[in-house]
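Chain by chain, the residues run as shown.
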Amino acid sequence: EKGGFESFMDKEIHDQPHAVADTLLGRTDTAGRIVLDDLRIDESVLRSVDKIIVIACGTAAYAGHVAKYAIEHWCRIPVEVELAHEFRYRDPIVDERTLVVAISQSGETMDTLMAVRHAREQGAKVLAIVNTNGSTIPRESDAVLYTHAGPEIAVASTKAFLAQITAAYVLGLYLAQLRGNKYPDEVTQIMDELRDMARKVQTVIERGEYVRATARSMKDADKVLFLGRHVGYPVAMEGALKLKELAYIHAEGFAAGELKHGPIALIDEGQPVFVVVPSPRGRDQLHSKMVSNIQEIRARGARTLVIAEDGDDAVRAYADEIFWIPQAPSLLQPLLAVVPLQIFAMALASAKGLDVDQPRNLAKSVTVE
Ligand code: F6R
């Protein structure tokens, strides 16, 4: 069943181009408009939504953090992202005009399910983004948007993450279309760019050997830091989570802008730091700010492992290693940037002789609170 791969995780990383493509399949009509037939929430309700709260745990929550940037940008609706177990116990402000989006691979995570129930009791509509057909969370939600990543067997989530981001983006574009924030041709264009991501993810996977070799050379690392900005920030946190759960290495993701507010004190000679570099083609200052961040940590001895877009020559002078990813629109970059981080964690865990499919103390679906 591993299809010739060393582990389920390795197979599932290679499944990712399909996970993205299949999640997009059948979501548009011949005119290029997004159609979500199975949504079961009245369009008038979706038009009047004034707040979105994403609830999820772990990797699914990081997918929600990525989606927040896109949905707010496209729809101009405020989006909060909250861990399901925190949401439930804090008396959240939720009413009929709140759309709660529950993201879960398994559809069985107890914390997320309880938060779904809580939200519905408060009168919110709940839309589930779930991978497992017929699971409990979609049954108890008002609507479901399935990710089509196929079964995910390895405990550490990989392809479900890419599919969750993809599905949440489709939802964001659908809301933008419905509410008139985007012209039809803009929606069509972004959908085309999304479809093109499958091919680009494949390119990143094909470049994996260099990541693996780097990971093997770092098997004695005892702490690894990850920096990102904007959508790269949740990617950094996801990279850190992968390394914790698979390789049992202390890892932490930071927003790069936070460095001088504390974390830079952690940098000493030889400290490995992954940096997810925003596109140099973005209209904002994010790229140059990140290049300055890399300079700052390098000057303090960090070993910089940089994920950068093809052609981004500005990072060369300050990077110890560069993992190149294809050029993509800024909001779509997470689908590419996370892949080297997944491969890195898997390869480092393998180099330590660990079972990458079944890390210690973890279960694939957490059906207890
Ligand atoms: C990380 C991981 C977990 C899950 C989390 C939510 O690799 O697998 O953090 O993402 O337990 O699980 P689901 O998505 O099934 O609700």
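Treat the numbers as computed from the prediction; the structure is a model and nothing was measured.

A tally of regular secondary structure across the protein gives 13 helices and ten strands. A compact globule built from 369 residues should have a C-alpha radius of gyration of about 21 Å, and the protein, at 20 Å, falls within 12% of that. Its C-alpha atoms put the protein at 55 × 45 × 40 Å along the principal axes. Evaluated residue by residue, the protein yields a buried proportion of 59% over its 369 residues. Approximately 14,900 Å² of the protein is accessible, and the part contributed by carbon and sulfur atoms is 48%. Both charge centroids of the protein, one from 41 positive and one from 51 negative side chains, sit 2 Å from each other.

All right, on to the site of the ligand then. Near the ligand, the surroundings consist of 14 residues, among which S104, Q105, S106, T109 and E245 are the closest. T59 places a polar main-chain atom, nitrogen or oxygen, 3.2 Å from an oxygen atom of the ligand. Within the side chain of S104, one N or O atom sits 2.6 Å away from an oxygen atom of the ligand. In isolation the ligand exposes 410 Å². Once the protein is present, 89% of that is buried. Of all the secondary structure elements, the ones that give two or more residues to the shell around the ligand are α4 (58-75) and α11 (232-247). Across the shell around the ligand, the residue classes break down as five nonpolar, seven polar and two charged.

This part covers the packing of α4 against helix α8 (residues 159-178). The contact between α4 and α8 brings their axes to 9 Å, and the two run at 25°. In terms of their interaxial angle, α4 and α8 are classed as roughly parallel. The handedness of the crossing between α4 and α8 is right-handed. Of α8, the residues touching α4 (which contributes T59, A60, Y62, A63, V66, A67, A70, I71, W74 and C75) are F161, Q164, I165, A168, Y169, G172, L173, L175 and A176.

Across the sheet, five strands lie side by side as β7-β6-β8-β9-β10; this open sheet has parallel pairing. Every other strand in the sheet has two partners, leaving β7 (250-255) and β10 (321-325) as the edge strands with one partner each. In this sheet, neighbouring strand axes are inclined to one another by 20° on average, regardless of whether the strands run parallel or antiparallel. Pairing analysis gives three bridges linking strand β6 (residues 223-228) to strand β8 (residues 272-276), with the strands arranged parallel. Bridge pairing in β8 places L225 opposite V273.

Of all residues in the protein, 100% have pLDDT values of 70 or greater, and the mean over the chain is 95. For this predicted complex, the interface confidence comes out at an ipTM of 0.98, alongside a pTM of 0.97.

Our focus in this paragraph is the side chain of T59. Of note, T59 is situated in helix α4. Assessed through its relative accessible area of 7%, T59 is described here as buried. Side chain to side chain, T59 and E238 meet in a polar contact 2.9 Å long. Setting aside chain neighbours within four positions, we find T59 in contact with S157, F161, Q164, E238, L241 and K242.

Mapped onto the secondary structure, R229 falls in the loop between β6 and α11. One buried charged side chain, R229, makes no salt bridge at all; its nearest oppositely charged neighbour is E296, positioned 7.1 Å away. Discounting residues that sit within four places of it in the chain, R229 has contacts with A256, G257, L286, K289, M290 and N293.

All right, on to empty space enclosed by the protein then. All told, the structure shown has one cavity of 30 Å³ or more when counted by the stated rule. Roughly 110 Å³ of internal volume is contained in the largest cavity. Together, R229, H230, V231, G232, V276, V277, P278, S279, D284, L286, S330 and Q333 line the largest cavity. By residue class, the composition of the lining of the largest cavity is five nonpolar, five polar and two charged.

The next subject is α11. In this model α11 runs 22 Å from its N-terminal to its C-terminal C-alpha over 16 residues, within 8% of the 22 Å that 1.5 Å per residue would give. With 14 of its 16 residues buried, α11 lies for the most part within the structure. One or two positions beyond α11, positive phi appears at Y248, with a value near 55°.

Turning our eyes to something else, we now look at the pattern of salt bridges. Across all of its chains, the model carries 23 salt bridges by this definition. Between R90 and E82 there is a salt bridge whose closest N-O contact spans 2.5 Å. Of the residues examined, R90 reaches a relative accessible area of 36% and is grouped as partly exposed. Since its relative accessible area comes to 14%, E82 is described here as buried. A salt bridge links D313 to R316, with the nearest nitrogen and oxygen atoms 2.9 Å apart. One continuous salt-bridge network, built from bridges that share partners, spans K51, E80, E82 and R90.

What counts and how
- Residues numbered from 1 in each chain as written.
- Predicted model: local features only at pLDDT ≥ 70, side-chain atom pairs only at ≥ 80, totals over all residues.
- Heavy atoms only, no water.
- Helix = DSSP H or I, 4+ residues; strand = E, 2+ residues; numbered from the N terminus.
- Rg over C-alpha atoms; globule rule 2.2 N^0.38 Å.
- Buried < 20%, exposed > 50% of the residue type's maximum accessible area, 1.4 Å probe, protein only.
- Areas by Shrake-Rupley, 256 points an atom, 1.4 Å probe, with all protein chains shown as cover.
- Lys, Arg positive; Asp, Glu negative; His and termini not counted.
- Charge placed at Lys NZ, Arg CZ, Asp CG, Glu CD.
- Near = heavy atom within 4 Å.
- Polar contact = N/O pair within 3.5 Å; in protein donor to acceptor, adjacent residues only side chain to side chain.
- Nonpolar A, V, L, I, M, F, W, Y, C, P; charged D, E, K, R; others polar.
- Axes fitted to C-alpha atoms, helices over the stretch in contact; angles between N-to-C directions.
- Parallel < 35°, antiparallel > 145°, perpendicular 65-115°, else oblique.
- Left-handed = near helix turned anticlockwise from the far one by under 90°.
- Contact = heavy atoms within 4.5 Å.
- Pairing = 2+ DSSP bridges.
- pLDDT = per-residue confidence, 0-100.
- Salt bridge = Lys/Arg side-chain N within 4 Å of Asp/Glu carboxyl O.
- 1 Å grid on protein atoms, 1.4 Å probe; cavity = no way out; pocket = protein on both sides within 12 Å on 5 of 7 lines; lining within 4 Å.
- Points joined across faces, edges and corners; volume = space filled by probe spheres on them.
- Expected span 1.5 Å × (residues − 1).

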